[in-house]
Amino acid sequence: MSFVAALPKLELPNALWQEGYSRCLALESWAGSQPPQSLGAIPCIVSARALGYLVLKAPGDNGRSFICSEMQECGDETALVTLAEGYIKNLILPLMHAVGHPEAPEQDIVIAELQGNVLRSIFEAIEPFQPGPGTAKILALMRDHSRCAVTGAYDEDDLERFNTLRHAFALEPGAASSKTRAAYIIPPFLAAGIDPTQPSTIVRSHEILACYGGIDLAEIAGEHVHSTRNVLTMVEDARRAFYKLLLFFDETATPGRYKLNLWTEIHRPGGKNIPDYVQFGTTPSEKLPPPSLLLLRLHAACARVAHMAGVGQWLNNTERLDLHA
């Protein structure tokens, strides 16, 4: 299924935004008359549409103003295309390549059997564990009650670990189980090297995260990238869709409640339907915060830009060419 769409003709309620978006519309028209790029290069039409959708789908007004201000420094179409390619290469493609990036092995954690007040026992159990590459999944599972954040399937490893959980599973009609894995909103390799104390050393990808995405870099610096603010647990098909920007979450008026957008088919453990909405509740422990609204907002913006501009389609075509080469 293709979600690629030409930029719509719109009037934006801000002179800076309107100026920037009008240049995107003109760039799209110009790009349509350009000869094909070399094999593997991002097509000009994709770059033009990506720039336009980065304006329209920006995760916030400050991010929209930032990219439009950057466009003011571009003197011609070539400079605008270069700007767009910078966003694609430093933000969108890293998110879409996260699925193939090697991960650290999970830490071998032994947790005492849950008894009595399950929730309180969980919070007592995590006290020795700090966010890190080996503990990201286990801490997110504790927050999410040992279930996939998308399908609601119980994690098979936790079912083996906890008698109390097996009892709850047996009592729930239609309950399903599956292997789950950690899904990072911002992958660790994209956050690598962030040092909030040295702003002069900031690289382009981190500048985009901060200035366009509105992300506090300290929130994902170092071991903080493994915090439950940046991690969900998902069955493998859902995780792959999330990393391909084909699954994303839109905030609602209810805090912690998100509309689930799924632009592909994924395996449904036990044949259960994927819910239209998911709830990420707050917890009594500061060690298990819910996923960050700002991070999910940026991920959703990138998902729309990637597939409405044709970045995902171009990437798929390029990968197929590489396989046949």
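For the structure itself, consult the block above.
Below or above, wherever it landed, is the structure these notes cover. Predicted, not measured: the structure shown is a model, and the values here were computed from it. Here, residues in each chain are numbered from 1, in the same order as that chain's written sequence. Local features in this predicted model are restricted to residues whose pLDDT is 70 or higher, and side-chain atom pairs enter the listing and the counts only when it is 80 or higher, whereas totals over whole chains, interfaces and linings include all residues. For the side-chain quantities, the full set of heavy atoms in the structure was used; hydrogens and water were omitted.

Looking at the element boundaries, Thr-228 is found in the loop between helix H10 (204-212) and strand E4 (231-235). According to the relative accessible area criterion, Thr-228 is buried, its value standing at 1%. At 2.8 Å, the side chain of Thr-228 and the backbone oxygen of Pro-289 are in polar contact. Contact between two residues is taken to exist if any of their heavy atoms lie within 4.5 Å; hydrogens are not considered. Each residue touching Thr-228, except ones within four places of it in the same chain, is listed here: Leu-139, Ala-140, Arg-143, Lys-287, Leu-288, Pro-289, Pro-290 and Pro-291. Counting from the N terminus, the helices are DSSP H or I runs at least four residues long and the strands are E runs at least two residues long. Relative accessibility under 20% of the residue-type maximum defines a buried residue, over 50% an exposed one, and the middle range a partly exposed one, all with a 1.4 Å probe and only protein chains included. Polar contacts here mean pairs of N or O atoms no more than 3.5 Å apart (in protein, one a potential hydrogen donor and the other a potential acceptor; neighbouring residues in sequence count only if both atoms are side-chain atoms).

Before going further, it helps to examine helix H11 (residues 236-243). Of all the residues in H11, the buried ones are Ala-238, Arg-239, Ala-241, Phe-242 and Tyr-243. Of the surrounding secondary structure, the elements contacted by the buried residues of H11 are helix H4 (77-96), strand E3 (180-184), E4, strand E5 (247-251) and helix H12 (293-309). Remark: Leu-245 follows H11 within two positions and exhibits a positive phi of approximately 60 degrees.

Salt bridges are counted wherever a side-chain nitrogen of Lys or Arg sits within 4 Å of a carboxyl oxygen of Asp or Glu. Within the structure shown, the criterion is met by 15 salt bridges. The shortest N-O distance in the salt bridge between Arg-143 and Asp-144 comes to 2.8 Å. Note on accessibility: Arg-143 and Asp-144 belong to one class, buried. With a shortest N-O distance of 2.4 Å, Arg-161 and Asp-158 are connected by a salt bridge. Of this pair, Arg-161 and Asp-158 both sit in helix H7 (residues 156-161), separated by 3 residues, roughly a single helical turn.

The tendency in soluble globular proteins is for nonpolar side chains to be buried side by side. Residues belong to a common nonpolar core when they are buried Ala, Val, Leu, Ile, Met, Phe, Trp, Tyr or Cys residues joined through side-chain atoms within 4.5 Å. Residues Val-150, Tyr-212, Phe-249 and Val-311 are the most contacted members of the largest nonpolar core, which totals 90 residues. Those residues in contact with Val-150 that sit more than four places away from it in its chain are Met-234, Ala-238, Leu-247, Phe-249, Leu-260, Ile-266, Ile-274 and Pro-275. Grouped together as the second largest cluster of nonpolar side chains are 5 residues, Tyr-154, Leu-159, Leu-165 and Ala-175 included.

Right, let's get into the sheet that holds strand E6 (residues 257-262). At least two DSSP bridges between two strands are required for those strands to pair. With antiparallel pairing, the 3 strands of this open sheet are ordered in space as E5-E6-E7. With partners counted over all chains shown, the strands left at the sheet margins are E5 and strand E7 (277-279), one partner each. Taking the axes of each pair of neighbouring strands and ignoring which way they run, one obtains an average angle of 35 degrees across the sheet. To define axes, lines are fitted to C-alpha atoms, for helices over the stretch in contact only, and angles between the resulting N-to-C directions are given on a 0 to 180 degree scale. Across the sheet, H12 is in contact with E5 and E6; its angle to E5 comes to roughly 125 degrees.

For the pair helix H2 (residues 44-56) and H4, the least separation of the axes is 9 Å and the interaxial angle reads 70 degrees. On the basis of the axis angle, H2 is roughly perpendicular to H4. Contacts from Ser-47, Ala-50, Leu-51 and Leu-54 of H2 reach H4 at Leu-80, Val-81, Leu-83, Ala-84, Glu-85, Tyr-87 and Ile-88. Reported orientations rely on four angle classes, namely roughly parallel under 35 degrees, roughly antiparallel over 145, roughly perpendicular from 65 to 115, and oblique for the rest.

This paragraph deals with the packing of aromatic side chains. Classification of ring pairs rests on two measures: the distance between centres of Phe, Tyr or Trp rings, Trp counted by its six-membered ring, which must be within 6.5 Å, and the angle between planes, read as stacked under 30 degrees, edge-to-face over 60 and tilted in between. Taken as a whole and assessed by the stated rule, the structure comprises 9 aromatic pairs. Ring plane angle 20 degrees and centroid distance 4.3 Å describe the contact between Phe-3 and Trp-263, whose orientation is recorded as stacked. On the criterion of sequence distance, the pair formed by Phe-3 in the segment before helix H1 (15-31) and Trp-263 in the loop between E6 and E7 is long-range, its members being 260 residues apart. Of the residues examined, Phe-3 reaches a relative accessible area of 22% and is grouped as partly exposed. Taking 5.0 Å as the distance between ring centres and 90 degrees as the angle between the ring planes, the aromatic pair formed by Phe-248 and Trp-263 counts as edge-to-face. With Phe-248 in strand E5 and Trp-263 in the loop between E6 and E7, the pair connects residues that are 15 residues apart, well separated along the chain. This pair shows no difference in class: Phe-248 is buried, exactly as Trp-263 is. In this structure, Arg-257 packs its charged tip against the face of Tyr-277, placed 4.1 Å from the ring centre. Two thresholds decide whether a charge sits over a ring: the Lys NZ or Arg CZ must be within 6 Å of the ring centre and within 35 degrees of the ring normal.

Right, let's talk about the environment of Ala-241 for a bit. In this structure, Ala-241 sits in helix H11. Once residues lying within four places of it in the same chain are set aside, the contact partners of Ala-241 are Leu-246, Leu-247, Thr-264 and Ile-266.

Looking at the secondary structure, you find Thr-252 in the loop between E5 and E6. Residue Thr-252 is classed as partly exposed on the basis of its relative accessible area of 25%. Sequence separation of Thr-252 and Tyr-277 is 25 residues, and the distance between their C-alpha atoms is 9.3 Å. If near-sequence neighbours (up to four positions away) are discounted, Thr-252 is found in contact with Arg-257, Tyr-258, Lys-259 and Tyr-277. Separated by 2.7 Å, the side chain of Thr-252 and the backbone oxygen of Arg-257 make a polar contact.

Phi is positive for Ser-146, which is not a glycine, with a value near 65 degrees. Tracing the backbone through its elements, the reader meets Ser-146 in the loop between helix H6 (136-143) and strand E1 (154-155).

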